[in-house]
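Structural overview
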Amino acid sequence: MKNDQQYYMVREDVLSESMQKALEAKSLLDRGKVKTVAEAAEKVGLSRSAFYKYRDGIFPFHTMVKEKIITLSIHLEDRSGALSSLLTVVASQGCNVLTINQTIPLQGRAHITLTIETNMLQGDMKDLLSTLNRMETVERVEIVGTGA
């Protein structure tokens, strides 16, 4: 096994059907819905050999960012309490804010770069991003970097 492995982030729709089924089988095993690899593979319609081929090489995005530092780019309306509300949501999800950088608001919007520690994140990163994007004062949230 090479130590200098490269990783790529790809959308689910470009994965092969076997890769998607391997992810689904891993999820069933992780959540305790099935007890054996054979049972998981059968349930998702995948051969055991295909499961073993992909199991150690494909991971859902949220497992790759668990216990890491994430940097978010956030476009926020310039409104009293907007940043405070945003930080409250981040903290309520179990994240620790490491740095905050905010531009001077222009045309009613500010750009926030927020670096958070996610090792205590309740749920997964997808849920956090979705929650932030649903906030009234948040226009857009993107992950711009990850690190250990």
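For the structure, see preceding data.
Structure report, in brief. This structure is a prediction, so every number in the text was calculated from the model and none was measured.

What follows is about the environment of Ala91. Tracing the sequence through the fold places Ala91 in helix 5 (residues 82-92). C-alpha of Ala91 to C-alpha of Leu121: the two residues are 30 residues apart in sequence and 9.1 Å apart in space.

With that settled, consider the packing of helix 1 (residues 17-30) against helix 2 (residues 37-44). Between helix 1 and helix 2, the least distance of the axes is 9 Å, while the angle of their chain directions is 130°. Here helix 1 is positioned oblique relative to helix 2, judged by the angle of their axes. Helix-helix and strand crossings are classified by hand; for helix 1 and helix 2 the assignment is right-handed. Judged by residue contacts, Lys21, Glu24, Ala25, Leu28 and Leu29 of helix 1 engage Val37, Ala40, Lys43 and Val44 from helix 2. Of the residues belonging to the contact of helix 1 with helix 2, the class tally is six nonpolar, no polar and three charged.

What follows covers helix 5. Every α-helix winds through 3.6 residues per turn, so residues three or four apart in the chain are directed the same way. Within helix 5 the residues assigned to the buried category are Ala82, Leu86, Val89 and Val90. Mapping the buried residues of helix 5 onto a view down its axis gives an arc of 100°, with all of them on the same face. Looking one or two residues beyond helix 5, the residue adopting positive phi is Gly94, at roughly 90°.

Turning our attention to a nonpolar patch on the surface. Together, Tyr8, Val10 and Val14 line one region of the surface with nonpolar side chains, adding up to about 350 Å² of accessible area. Within the secondary structure layout, Val10 lies in the segment before helix 1. Given a relative accessible area of 48%, Val10 falls into the partly exposed group.

Before going further, it helps to examine the environment of Glu136. The residue Glu136 is located in the loop between helix 6 (125-134) and strand 4 (138-147) in this model. Residue Glu136 is classed as exposed on the basis of its relative accessible area of 63%. With near-sequence residues (within four places) excluded, Glu136 lies in contact with Glu77 and Arg79.

When you line up the elements, Thr115 lands in strand 3 (residues 109-117). In terms of polar contacts, Thr115 uses its side chain to reach the side chain of Thr71, at 3.3 Å. Among residues more than four places away in sequence, those in contact with Thr115 are Ile69, Ile70, Thr71, Asn96, Val97, Leu98 and Thr99.

On any regular strand, side chains alternate: one points to one face of the sheet, the next to the other face. In terms of strand pairing, strand 2 (residues 96-102) meets strand 3 through six bridges, oriented antiparallel. Among the inter-strand pairings, Asn101 is bridged to a residue of strand 3, identified as Thr113. Hairpin connection, strand 2 to strand 3: the antiparallel pair is bridged by six residues, and Gln107 has positive phi, about 50°.

Reading the values: rules and limits
- Residues numbered from 1 in each chain as written.
- Predicted model: local features only at pLDDT ≥ 70, side-chain atom pairs only at ≥ 80, totals over all residues.
- Heavy atoms only, no water.
- Helix = DSSP H or I, 4+ residues; strand = E, 2+ residues; numbered from the N terminus.
- Axes fitted to C-alpha atoms, helices over the stretch in contact; angles between N-to-C directions.
- Parallel < 35°, antiparallel > 145°, perpendicular 65-115°, else oblique.
- Left-handed = near helix turned anticlockwise from the far one by under 90°.
- Contact = heavy atoms within 4.5 Å.
- Nonpolar A, V, L, I, M, F, W, Y, C, P; charged D, E, K, R; others polar.
- Buried < 20%, exposed > 50% of the residue type's maximum accessible area, 1.4 Å probe, protein only.
- Arc of directions from axis to C-beta.
- Patch = residues over 30% accessible without salt bridge, like charges linked within 9 Å, V, L, I, M, F, W, Y side chains within 5 Å.
- Areas by Shrake-Rupley, 256 points an atom, 1.4 Å probe, with all protein chains shown as cover.
- Salt bridge = Lys/Arg side-chain N within 4 Å of Asp/Glu carboxyl O.
- Polar contact = N/O pair within 3.5 Å; in protein donor to acceptor, adjacent residues only side chain to side chain.
- Pairing = 2+ DSSP bridges.

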